[in-house]
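Here's the letter readout for the chains.
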Amino acid sequence: MHQAIPYRTWIHANTRDSRDLPLSGGGGVRGAGADSASVAKLISENAVIVIGRRGCCMCHVIKRLLQGLGVNPPVYEVDEHQEAAVAAHLGAATVQFPAVFVGGKLFGGLERVMASHISGELVPILKDAGALWL
């Protein structure tokens, strides 16, 4: 079985154009120095993105689940002092980290991702968003 080629594995959030950056094995997006415009840009540029607290183990769980399905989502890590600003920019006071965005829209948190995976709804949603091709 063939492994999926990662679209991006490391993005510096404070750069203007991340296409010129070398890829590394980090697998995440650093949130230090990021503003709400860069968060919106990352959400719109990626079919699937996970936004969570720095060092959150549940972000790792979601990332591994999506990787098991063939999706390689970037993980945007938010520092504690940035949580309120990022949550306010995401548009809802009920945003809980980790937050998963699919197709530029808030999909939900860990519970929604797990529930849709168990019910079999997650793969068609990822296909519609362009994150899966098979």
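Residues numbered from 1 in each chain as written. Predicted model: local features only at pLDDT ≥ 70, side-chain atom pairs only at ≥ 80, totals over all residues. Heavy atoms only, no water.

### Brief notes about the confidence of the model for the chain
The predicted coordinates of low-pLDDT regions are not to be read in fine detail.
Then step 1. Of the residues in the chain, 70% have a pLDDT of 70 or more, and the chain-wide mean is 75.
Then step 2. Highest mean pLDDT in the chain belongs to helix H4 (residues 110-119) (94); lowest belongs to strand S1 (residues 10-12) (39).
Then step 3. Below pLDDT 50 for its whole length, residues 5-27 participates in 38 contacts with residues either more than four positions away or in separate chains. (pLDDT = per-residue confidence, 0-100. Helix = DSSP H or I, 4+ residues; strand = E, 2+ residues; numbered from the N terminus. Contact = heavy atoms within 4.5 Å.)

### Considering the environment of proline 74
Then step 1. With respect to the secondary-structure elements, proline 74 resides in the loop between helix H2 (57-69) and strand S4 (75-78).
Then step 2. By relative accessible area, proline 74 is classed as buried at 6%.
Then step 3. Spatially, the C-alpha atoms of proline 74 and valine 50 are 6.4 Å apart, while their sequence positions differ by 24 residues. (Buried < 20%, exposed > 50% of the residue type's maximum accessible area, 1.4 Å probe, protein only.)

### Considerations on the nonpolar core
Then step 1. With 16 residues, the main nonpolar core has Val48, Val50, Leu66, Val71, Val100, Leu122 and Leu126 as its most contacted residues.
Then step 2. Those elements giving two or more residues to this core turn out to be strand S3 (48-53), H2, strand S5 (99-102) and helix H5 (122-129).
Then step 3. With residues near it in sequence (within four places) discarded, valine 71 still touches Val48, Leu66, Leu126, Ala131 and Leu132.
Then step 4. Among the nonpolar cores identified, the runner-up in size contains 14 residues, and Ile51, Tyr76, Val78 and Ala87 belong to it. (Core = buried A, V, L, I, M, F, W, Y, C linked by side-chain atoms within 4.5 Å.)

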